[in-house]
Amino acid sequence: MSSRCLDIPHSKSGSRPPKLVRSNSSLSFAKEAGISKRRHDLRHRRLNVATVPGTVARADGNLNPISPIVTLLIGQESRIFAAHENVLSASPFFKNVLDTQFSEGETKRILLPNEEPEIFSSVLEYLYKGDYHPRLVHDRRRDTWELEESAAAGRNGNGGREAPTIYHHSVDGEVLKDTVIYCAGEKYGLEELKRIALRKQGLQCGRVASTILTSARYAYANTPDTDSKLRAHYLALIIRGRNTFKRSGTMQLEMFHGGSDLFFDLFVALCNHVDDISVASSTQQNTQQSSCNEDGPQP
């Protein structure tokens, strides 16, 4: 099978053990949105929390009283993370868990065995800072967005860039990191995080066809049928790169195995694309014919 690259804009105390809450949601393998500039501007004018005792910064730019620490055990190896309860509560998912699964004064510990630690680290970074690495940078002069490390590389004359993929245990392979973060935003009810992740993914280029297909299947498996952003992004990506995908052994194998709505949606999108071209061509021909009739000899 061939792999082709596409250049397309990827407690030490003796007390009883704390209660463990396991998330009942698991990951299975089965037009870009705009993004608010307001959120990214917040980080430039946010107070330094180190100078404000007893407070912690929230992603919305407000300062809140320090709240209890929640311990989170992430991934198959139970990597330990810690976060303030009021910061986690910005997510409807975590707010529901914290409000309903623990009694008053109980030490709070949450298990998320199906989450990747690298992805959850980005989610926490977003909750505290309003973005995740590499950050989005807005070029006001050109009114465009770019990734922070790309902007720095351009200024320094080098092309160093963080890998845009991560290994995900649910697919046993590489998936585009921003796709997984978008799906995490869906799971945790963080709409702005989804918009940021989609914008960042649109800035990636030069991805291997097999990675795009694996990521597209992951996106379909971890978003609802009503999703009109990430799914549409992948359909457009594959259509634009159709000359590469139609020669891809991976594409042929993926379609043979099926098991996803991706390929029917792709068929419909391609049909619509052909219909749009046909309508445009027919309209142009009718316009030219009409013009010829008007300019022809008069009786």
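Coordinates for the structure precede this section.
Now for a quick tour of the structure. (Residues numbered from 1 in each chain as written. Predicted model: local features only at pLDDT ≥ 70, side-chain atom pairs only at ≥ 80, totals over all residues. Heavy atoms only, no water.)

### Let's talk about the overall build of the protein
Moving on, step 1. If you tally the helices and strands in the protein, you get twelve helices and twelve strands.
Moving on, step 2. A burial count over the protein gives 44% of its 299 residues as buried.
Moving on, step 3. Surface summary for the protein: the accessible area is close to 16,300 Å², and the carbon and sulfur share equals 50%. (Helix = DSSP H or I, 4+ residues; strand = E, 2+ residues; numbered from the N terminus. Buried < 20%, exposed > 50% of the residue type's maximum accessible area, 1.4 Å probe, protein only. Areas by Shrake-Rupley, 256 points an atom, 1.4 Å probe, with all protein chains shown as cover.)

### Focus: the pattern of salt bridges
Moving on, step 1. With the rule as written, the count across this model stands at eleven salt bridges.
Moving on, step 2. A salt bridge links R135 to E125; the nearest nitrogen and oxygen atoms lie 4.0 Å apart. One end of the pair, R135, is in the loop between α4 (117-129) and β8 (136-139); the other, E125, is in helix α4, and ten residues separate them in sequence.
Moving on, step 3. On the accessibility criterion, E125 (22% relative accessible area) is partly exposed.
Moving on, step 4. One salt-bridge network, in which partners are shared between bridges, spans E186, E191 and K194. (Salt bridge = Lys/Arg side-chain N within 4 Å of Asp/Glu carboxyl O.)

### Regarding the packing of aromatic side chains
Moving on, step 1. Within the structure shown, the criterion is met by seven aromatic pairs.
Moving on, step 2. Here the aromatic rings of F81 and F120 are separated by 5.5 Å at their centres, their planes lie at 80°, and the arrangement is edge-to-face. A residue pair is termed long-range when its members are at least 10 positions apart, and F81 in strand β6 (residues 79-84) and F120 in helix α4 qualify at 39 residues. The burial state of F81 is the same as that of F120; both residues are buried.
Moving on, step 3. With centroids separated by 6.4 Å and ring planes inclined at 80°, the aromatic side chains of F120 and Y188 adopt a geometry described as edge-to-face. Taken together, the residues F120 in helix α4 and Y188 in helix α6 (residues 177-188) connect sequence positions 68 residues apart.
Moving on, step 4. Judged by relative accessible area, F120 falls into the buried class, the value being 0%. (Phe/Tyr/Trp six-rings, centres within 6.5 Å; stacked < 30°, edge-to-face > 60°.)

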